[in-house]
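Read off the chains here:
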Amino acid sequence: MAKTRFKIAAVLVATLGTGAAWASTLIPQTVVPGACIPQFATPLLSFGPGTKAALPRVDALKHPVLTIKMKESNRPVLPPPTPAIPYPSNYFDVPSQSNLVCPTVTIDNTRIWAYETSDGITGKVLGPAFWPAVTLEIRRNIPTLVNYVNELPSFDNNNPTGPGMLQGLVTVDQTIDLANPYLLPNQMACAPPLKCNEPYVGAVPSVPHLHGGEVPPQFDGGPSAWFTSALSGGFRGPTYSSLWPVGAGKALYFYNNTQEAGTPWFHDHSMGATRTNVYSGLAGFYFIRDPAREPANLPQGDYEVEMAIQDRQFDNNSQLFFPDGSGADAGVTNLNGTPGNPSVHPFWIPEFFGDVAVVNGSPWPVKEVEPRRYRFRIVEGSNARMYNMTFLADNGSKAPVYVIGSDDGYLNKPVPADPLFMAPGERYDVIVDFTGLTGRTITVTNDAAAPFPSGMSPVPYKVANPGDNCFFGFPSDNTTGMCPADQPTMAKIMQFKVVLPLLSADKSCNPSALSNNCSRPVPYVRLTDGKGNAAAGINLAALPKRQLILKEHAGPGGPLEVLVNNTYYMGNMSPSVKALGRADGVTELPRVGTTELWEIINLTMDAHPMHTHLAQFQVLDRQTFNDNTMVATDPNSYPLDWAAAFGPVLPAFCDNVLPDNPCPGYGPPAPYNLLNGDGALGGNPALSPYLSNALHPPAAPAPWESGWKDTAKAYPGQVMRMLVRFAPTSASVASATPGKNLYPFDPTVGDGYVWHCHIIDHEDNDMMRPYKVIK
């Protein structure tokens, strides 16, 4: 069934009948507001060779053949509750609920889905099933063979708290494309005789993706390359690789590991269920080391710590709580609201925002440290939340923070970062200097709104005019225009206590020194100079250019989906893309070895972290257009003129409901391969007439995001320009030429790759496009 306009709504109305109630969650839950869970009562769990590590990392140099199983497991997460704390007065959007007391919480193990790592030859468990997964340590140029095994159980209505319970807790909305793996690839959305208004239960699809990996397409973990447990028949998605058949419920992946040292991570990427599978715990670090090309004397052992920062909600039985708008979580206890368009997507919420900060699977953890330098390798693993973090000491000073590496490699030299701003999917490798802070408590604070930049604020904030409404609708202070925090529990992430004695002199590199300063011994290959200009040897005017938009498709109650270039994931569902005549509906077809200029034009009201598989990029600049005016009533606005490009007589596909988006899902208004006035592919009107270098000059990226990236933030009302290169990051500018393959594999074979928004609630609901590298 084609998912065009409101056709699904008609299907569900027919299925449910007038006035029918929505299905309840499969297991009734009572949410525990984050304000009821004690902060800084749980130690930070870490991995590694140090004496204080909870578990050793997995050394792939010693174990080059691994088996990684996706399993349901248990682990203690919540600390004992603080009894009967009143809710903060501003916690709820309904004033009558402001004085409720916390529910009684049963402290128990939390059910999770997790990766368990074993030696593929001996079967010895090297890393138990954990959230996050026990870190894999990789040596560059030493391949790793991984046999992934799906052992995730399905929910059993006759034994709801037995194996498969987590599928009953974390609701899968089967109206999302291919969230129900039993559907055919061209069927896409749920349709009768399926009971579309009920959560999907059944075989759990899963596919691991090495985020940041330079890997062949068949081992990339694309969204439709999923496979299910052998217990459910072990069936497979349409792009599952058959090159390495190893049996039902399994997939064999070969990682070359030839890319530069950095901090990739691996997580689930199953079509339509990424947000639920990752939320359940399927994520872990993948450290690539290359001692000869890394900065010397980095903090190591106990002083190198990975940190996966996420947000969650929990119920009164210590279980994960994933709101779906039904049953006990409807109303004020659900900070995410209810599904805006339940007749289309009964359970999908556009962005999940929890009220519990979780680091390495522990809520608001605390770590005792020595007064010395530490290295923290941070992955931002939340569904949708962004974090703007400061390491603030209890005396008002700050612990200095230096970024030494971005997503996919080291910077040439450390750069200070205060604050450190991260979006889902991004990684930063940082050194935090606790020297001179003996006895101090350092709190990692956060002031980023959710959604960013104009959603719920974790800290008090000011509106434009005194008396104007705050986010939840109550008026601001009539004199100052100040609003209380909308989500105060998320103003703090974790704490460090500088209470351990200095065991030995700190001989690690000092990022603030002139020598031994954590600089990279061999500079990385630059496509830009980090200041908004192309690097030497890069001719911007000669590069293939694409202008691609981000556009929300709104329904009566809010977003129905957010689309990349107004095109569905299955491109041939969008008429203007189908007209290209490609059976696969792919539009982005870069030549191997090519560097392209991509201009991502954000026509939504929120920031989106955009992620490319295989190809890394460097951010050139960002530029505001139209004075950041996004309302359709502005006759000079790009959104309105973009809508007008569909023509005075709209195609039959269009619903013409919204003036600035009359044809949601149609694809671009012009043929994709027709160059516009800016000489850009993409099928969109040229952007340059809507830019003013005098009013809004292009802004260079922050110094810490000027290196090799695979995920970067596209802000509303702006164009983000990035140089995307289809060659290894280590290849020189001169050697990377169109048509020349410098990867140790052929990226042009198979079903290709994808690029998408890394707000995983968005990518699950079509904010993702496939692309193929061509010869």
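Before reading on, note that the structure itself is shown above.
Reading the values: the criteria
Residues numbered from 1 in each chain as written. Predicted model: local features only at pLDDT ≥ 70, side-chain atom pairs only at ≥ 80, totals over all residues. Heavy atoms only, no water. Pairing = 2+ DSSP bridges. Helix = DSSP H or I, 4+ residues; strand = E, 2+ residues; numbered from the N terminus. Buried < 20%, exposed > 50% of the residue type's maximum accessible area, 1.4 Å probe, protein only. Core = buried A, V, L, I, M, F, W, Y, C linked by side-chain atoms within 4.5 Å. Contact = heavy atoms within 4.5 Å. 1 Å grid on protein atoms, 1.4 Å probe; cavity = no way out; pocket = protein on both sides within 12 Å on 5 of 7 lines; lining within 4 Å. Points joined across faces, edges and corners; volume = space filled by probe spheres on them. Nonpolar A, V, L, I, M, F, W, Y, C, P; charged D, E, K, R; others polar. Phe/Tyr/Trp six-rings, centres within 6.5 Å; stacked < 30°, edge-to-face > 60°. Lys NZ or Arg CZ within 6 Å of the ring centre and 35° of its normal.

### Considerations on the pairing of strand 3 (residues 65-76)
As defined by bridge partners, strand 3 adjoins strand 7 (residues 144-150) across six bridges and the pair is classed as parallel. If you follow Leu66 over to strand 7, its bridge partner there is Val146. Bridge count between strand 3 and strand 4 (residues 109-119): 11 bridges; the pairing is antiparallel. Bridge assignment links Glu72 to a residue of strand 4, and that residue is Trp113.

### Notes on the pairing of strand 14 (residues 356-359)
Two faces belong to every sheet, and in a regular strand the side chains alternate between them. The two faces of strand 14 match: Val356 and Val358 on one face and Ala357 and Val359 on the other face are all buried. By the bridge criterion, two bridges tie strand 14 to strand 15 (residues 362-363) in an arrangement that is antiparallel. Its bridge partner lying in strand 15, Val359 is registered against Ser362.

### A look at the nonpolar core
If you look at the biggest cluster of nonpolar residues, it comprises 98 residues, and the most contacted ones within it are Phe376, Phe434 and Phe496. In this structure, Phe434 is in contact with Val369, Glu370, Pro371, Arg372, Tyr374, Phe376, Ala399, Ile442, Phe496 and Val498, ignoring residues within four places of it in sequence. Among the nonpolar cores identified, the runner-up in size contains 34 residues, and Ala384, Ala615, Met720 and Phe745 belong to it.

### Description of empty space enclosed by the protein
Taken as a whole, this structure holds 14 cavities of 30 Å³ or more when the rule is applied. The computed volume of the largest cavity comes to approximately 80 Å³. In terms of lining residues, the largest cavity is bounded by Trp113, Gln167, Val170, Val172, Ala179, Tyr200, Val204, Pro205, Ala273, Thr276, Asn277 and Ser280. For the lining of the largest cavity, the residue count by class is eight nonpolar, four polar and no charged.

### A few points about the packing of aromatic side chains
In total, this model carries 32 aromatic pairs according to the counting rule given. With centroids separated by 5.1 Å and ring planes inclined at 80 degrees, the aromatic side chains of Tyr638 and Tyr690 adopt a geometry described as edge-to-face. Placement of the pair is Tyr638 in helix 5 (residues 638-644) and Tyr690 in the loop between helix 5 and strand 32 (711-714), with a sequence separation of 52 residues. Residue Tyr638 shares its accessibility class with Tyr690, and that shared class is buried. Taken together, the ring pairs in this structure connect Tyr303, Tyr374, Phe376, Phe391, Phe434 and Phe496 into an aromatic cluster. Above the plane of the ring of Tyr279 lies Arg312, whose end atom (NZ or CZ) is 4.4 Å from the centre. Geometry around Phe287 places Arg377 over its ring, the cationic atom sitting 3.8 Å from the centre.

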